[in-house]
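# Geometric and topological summary
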Amino acid sequence: MPSCSTVVTFYYTLVDFCSVVEVTSSTIGIFSPGCSALAFFCSDVELSSPICSPVVVICATLATSTACFTLHRHHLHSEYVFTCKTTDIADIVFLVDGSWSVGRFNFKTLKNFLKSLVRAFVVGSEHTRVGLVQYSGDPKSEWHLNTHRTNESVIDAVKNLPYKGGNTLTGLALTYILENSFKPESGSRPDVPKIGILITDGKSQDNVLSPAQRLRDAGIELFAIGIQNADENELRAIASPPEDTHMYNVANFSALSSIVKGVTRSVCERISEISKEISGKAVPDPQSDASSDLEISEIKGFCVIPTHPGKI
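Summarised in this report is the structure supplied together with it. Predicted model, so just to flag it, every value in this text is computed and none were measured. (Residues numbered from 1 in each chain as written. Predicted model: local features only at pLDDT ≥ 70, side-chain atom pairs only at ≥ 80, totals over all residues. Heavy atoms only, no water.)

### Observations regarding the sheet that holds strand E8 (residues 129-135)
Reading across the sheet, the six strands line up as E9-E8-E7-E10-E11-E12 and stay open at both edges, with mixed pairing between neighbours. Every interior strand has two partners, whereas the edge strands, strand E9 (140-143) and strand E12 (247-250), have only one. Across the sheet, the mean angle separating the axes of adjacent strands is 20 degrees when strand polarity is ignored. Pairing geometry for strand E7 (residues 91-97) and E8, over seven bridges, is parallel. Looking at E8, one finds that Leu95 is bridged to Val133. The sheet strands contacting helix H7 (residues 260-279) are E7, strand E10 (194-200), strand E11 (220-227) and E12, and the helix crosses E11 at an angle near 175 degrees. (Pairing = 2+ DSSP bridges. Helix = DSSP H or I, 4+ residues; strand = E, 2+ residues; numbered from the N terminus. Axes fitted to C-alpha atoms, helices over the stretch in contact; angles between N-to-C directions. Contact = heavy atoms within 4.5 Å.)

### Some remarks on the pairing of E10
Counting buried positions over the seven residues of E10 gives seven, a clear majority of the element. The two faces of E10 match: Lys194, Gly196, Leu198 and Thr200 on one face and Ile195, Ile197 and Ile199 on the other face are all buried. By the bridge criterion, six bridges tie E7 to E10 in an arrangement that is parallel. Bridge pairing links Val93 to Gly196 in E10. (Buried < 20%, exposed > 50% of the residue type's maximum accessible area, 1.4 Å probe, protein only.)

This is the structure in structure tokens:
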């Protein structure tokens, strides 16, 4: 390994071209006999800190064999993941468009985006709770606010989230989360900030103005994230003010990764502000720098292509 302070650590399953290899947090690489090249899926790899050397050697031992791979920095791609540091808690419901216009491939990208957002918060029955509704022609509660008690459980649920397909009835879906998701029987709590995050790629086939207003009148903070063919005016009509922190619109699904930081920061800040409003404490000046509530916790999303595998 290079003589620097960086330690490369893989935390969970890595996938190569030959087999699926389970690795633990103490393993720093993988080797599959008979493979001349390996590719690690970006969404399944974490590194504890940035690579500090232009060349990194990763070794792995399986049974009686040990293999080392030389990795050059240009084979690595990284993405920062942000963590909300506030101790305030919230009830967060994702409202996810699963209509036919999204497509199966893009739906996988959308799920990676969801996982990045979930990782930003501490999930637990006494911490932040996360629910998810997928909608198209008819909304469906994939899980309620009181279903999952850990980040890992929610992330596993996102990984296994099936693609629904259908039309785009966003107004009906907004009404659904008001009447079903933000209810005590679904795990919604009194005196806790309530956040609704809509993610859609198209214009609704029904009216969204009245359902969105009813949610806001009920004290639910709405964030609207549009992708590709989403109607920007519709997103503005749904999102809570101010628009610049509650409404996002990206050109395509691959661009979702570019707004993780912004969405995380905005949600994190509003949770803190709403919590202070509920408790009667003074709310900080919105023009002040509230970025202290956001922490760059780790580097994620490395894609590596090892070269020159062999025994040592």
